[in-house]
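Breakdown of the fold
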Amino acid sequence: MSDTQIEDLHLAVFAATADMAAAAAANTAEVLRRAVLERGAARVVIATGNSQLAFVTALAAEDVPWAQITVFHMDEYVGIDADHPASFRRWIRERIAEPFGPARVEYIDGEAADVEAECARYEALLREAPIDLTCMGIGENGHLAFNEPGQADFDDARWVKPITLTPESLHQQVGEGHFPDVDAVPPTAISLTIPALLSARSVQVVAPEQRKAAAVRNTLTLPIDATCPSTILRRTPTATLYLDAASAGDSLDLLPTPA
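Being a predicted model, the structure only gives us computed values, none of them experimental.

**A few points about the overall build of the chain**
From N to C terminus, the chain includes seven helices and 11 strands. For 259 residues, the compact-globule estimate of 2.2 N^0.38 gives 18 Å, and the chain sits close to it at 17 Å. Considering only C-alpha atoms, the chain reaches an extent of 50 × 45 × 35 Å along its principal axes. Considering the chain as a whole, with its 259 residues, one finds that 56% of them fall into the buried category. Only carbon and sulfur atoms are counted for the fraction: they give 51% of the accessible area of the chain, which is about 10,200 Å². Mean positive and mean negative side-chain charge positions of the chain (19 and 37 charges, respectively) differ by 5 Å.

Here it is as structure tokens:
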């Protein structure tokens, strides 16, 4: 493993995906244990998606005080039911709620009749108390949650809002096996905004796999603006980006060689 820093962003680079996942899981457990020790409870936002599977699998081996933890997720498709194979509610339920048994899980209702009212409801829940940890990834087009290039707002006053998926994100969902074709992907979603995600006391970004290598390179090198939303991580001193050898591959000239 090697550690480095680019501007305000800490990076942890590992040769093997399993080692990266184990380190991220250990970090999550430490942050949540510390919050529970200090205040008796913790609040965490957890990303869904294929890139988070190794990390969540490794989390099962950690001592986490789940009975004192409230879990949020960061996005959901509009119009999708909670049992759909691609539902992020289902992902959280099957991979976090059922195996770990947190005290509470707050779900975004993608089937809400009034999308704006659902955004306001979820934002109010997020703002009730500080978020201790955000666990997220980076989209192939540099999105964070579903804050898309050209749509993301680093200074958004809102914490939850509806968004329109870009063609790149639509294709990513198909490529990950969640939908049979682009036409089957819901075109809109409810998403936490950049300020909501980065409001957490600690931000953990897990981005393994070769398909994320270009996004990682863009995150570390492009100008910091909404053209590539993940570039804002370079102004986030509370954030650590966890990479494996594959995802770091396009950025080796910027990074120490992983052990």
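Don't stop here, the text continues.
**Quick notes on the packing of aromatic side chains**
The tally for this structure, following the rule as stated, stands at seven aromatic pairs. Following the ring pairs from residue to residue traces out a cluster consisting of Tyr77, Phe88, Phe146 and Phe179.

**Some remarks on helix H1 (residues 17-39)**
With 23 residues, H1 should reach 33 Å at 1.5 Å per residue; the first-to-last C-alpha distance of 33 Å fits that figure. Of all the residues in H1, the buried ones are Met20, Ala21, Ala24, Ala25, Asn27, Thr28, Ala29, Val31, Leu32, Ala35 and Val36. Positive phi shows up at Gly40, right after H1, with a value of about 85°.

**A look at helix H4 (residues 115-126)**
An ideal rise of 1.5 Å per residue puts 16 Å on 12 residues; H4 measures up with 17 Å between its terminal C-alpha atoms. At its buried positions, H4 is contacted by strand S3 (42-46), strand S4 (69-73), strand S6 (104-106), strand S8 (160-164) and strand S9 (188-192). Regarding H4, its N-cap is Asp114, as a side-chain oxygen of that residue lies 3.2 Å from the backbone nitrogen of Glu116 further along.

**Topic: the sheet that holds strand S5 (residues 75-77)**
What the three strands build is an open sheet, ordered S5-S9-S8; its pairing is antiparallel. Each having just a single partner strand, S5 and S8 make up the two edges of the open sheet. Neighbour-to-neighbour, the strand axes of this sheet turn through a mean angle of 25°, independent of strand direction. Pairing analysis gives three bridges linking S5 to S9, with the strands arranged antiparallel. Considered in S9, the bridge of Tyr77 is made with Ala189.

About the thresholds
- Residues numbered from 1 in each chain as written.
- Predicted model: local features only at pLDDT ≥ 70, side-chain atom pairs only at ≥ 80, totals over all residues.
- Heavy atoms only, no water.
- Helix = DSSP H or I, 4+ residues; strand = E, 2+ residues; numbered from the N terminus.
- Rg over C-alpha atoms; globule rule 2.2 N^0.38 Å.
- Buried < 20%, exposed > 50% of the residue type's maximum accessible area, 1.4 Å probe, protein only.
- Areas by Shrake-Rupley, 256 points an atom, 1.4 Å probe, with all protein chains shown as cover.
- Lys, Arg positive; Asp, Glu negative; His and termini not counted.
- Charge placed at Lys NZ, Arg CZ, Asp CG, Glu CD.
- Phe/Tyr/Trp six-rings, centres within 6.5 Å; stacked < 30°, edge-to-face > 60°.
- Expected span 1.5 Å × (residues − 1).
- Contact = heavy atoms within 4.5 Å.
- Polar contact = N/O pair within 3.5 Å; in protein donor to acceptor, adjacent residues only side chain to side chain.
- Pairing = 2+ DSSP bridges.
- Axes fitted to C-alpha atoms, helices over the stretch in contact; angles between N-to-C directions.

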